[in-house]
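What follows is each chain in one-letter form.
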Amino acid sequence: MSNFIPQHGGYRNLLSYQRSEIIFDATVYFTARFFKSRDRTIDQMVQAARSGKQNIAEASMASGTSKEMEIKLTNVARASQEELLIDYCDFLRSNQLIEWTKDHPYAKRVTTLCRGENVSYDTFRKGIEHQDPEISANVVICLIKLTTFLLRKQIQRLEQDFLKNGGLRERMTQARLASRKPTKTTNRPN
C-alpha cells in the first residue's frame, strides 16, 4: 500500500457538477434578461450559482487528502444552490408569477430531460431562454431542485464511504505500518 492518496478529481463526470454548470449559465442569462442592470440581486444570484458549481469542483479536488473537506465543500455547494432557489422563488412571488408543482407537466418534462444522456444547456435552452419569465424561472428552479437532490445523495454516499474506508490519516498509518513489515525472504541452503 504505497499509494495512500486515492485518485481524486473527476468532478466533470459528476451529474451534480454538470447540472450546476447549466444552472450557472442559465442564471447568467436569466439575470441579464429579467433584471435591471444595476440590480444588486444579479451579482448575488450569479455568485450563488457560481459557488454551487465551484464548490463541487473544489470538493472533488480536495477529496484525495481530506474527506472532511470534501463533505464540507459539497454541503456548501448544496447550500449555495438552496440560496439560489430562494432567489428564483422570490422573483416569482414578487412578480405575482406561479411556481410549478412537481406534478406540473413542464416540471415533469424537465425531470425527464435531466435523465437523458449528454444533457447540456442546449437541452433546456428553449425553456431557459423562453420569453415568459415564469417559464424561464421555473425551468431553472426544477434544475436546482434536482441538483440539490443529487448533492444530498452525494453527501450521503461520502459519509458512507468515510465510515467504510476512513480518511487520509488512517491510510497513511496503514501505509507506514505496511512499509515497516519485514519482507519474507526465502531461505537458501548453505
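These notes cover the structure that comes with them. Model, not experiment: these values are computed from the prediction.

Helix and strand content of the protein chain: seven helices and zero strands. Listed N to C, the secondary structure of the protein chain is α-α-α-α-α-α-α in terms of helices and strands. Per-residue burial over the protein chain gives 37% buried out of 190 residues. Taking as baseline every contact in the protein chain between residues at least 6 positions apart, the subset at least 24 positions apart corresponds to 76%. Total accessible area on the protein chain is roughly 12200 Å²; 50% of this is exposed by carbon and sulfur atoms.

In this structure, Gln 96 takes a positive phi of about 50° despite not being glycine. Within the fold, Gln 96 resides in the loop between α3 (67-94) and α4 (105-114). Located in the positive-phi region is Asn 118, a residue other than glycine, with phi close to 55°. In this structure Asn 118 comes out as exposed when scored by relative accessible area, which is 73%.

This next bit is on the nonpolar core. The biggest cluster of nonpolar side chains holds 32 residues, and the ones touching the most others in it are Leu 84, Tyr 88, Phe 124, Ile 128, Val 139 and Leu 143. Considering every element that reaches this core, the biggest residue donor is helix α6 (residues 133-165), with eight residues. By size, the runner-up hydrophobic cluster in this structure holds six residues, among which are Tyr 11, Tyr 17, Ile 56 and Ala 57.

Further remarks concern α3. Taking 1.5 Å as the rise per residue, α3 with 28 residues should run 40 Å; its terminal C-alpha atoms sit 41 Å apart, in good agreement. Where α3 terminates, the next one or two residues include Gln 96, which has phi positive at roughly 50°.

Definitions and limits used
- Residues numbered from 1 in each chain as written.
- Predicted model: local features only at pLDDT ≥ 70, side-chain atom pairs only at ≥ 80, totals over all residues.
- Heavy atoms only, no water.
- Helix = DSSP H or I, 4+ residues; strand = E, 2+ residues; numbered from the N terminus.
- Buried < 20%, exposed > 50% of the residue type's maximum accessible area, 1.4 Å probe, protein only.
- Contact = heavy atoms within 4.5 Å.
- Areas by Shrake-Rupley, 256 points an atom, 1.4 Å probe, with all protein chains shown as cover.
- Core = buried A, V, L, I, M, F, W, Y, C linked by side-chain atoms within 4.5 Å.
- Expected span 1.5 Å × (residues − 1).

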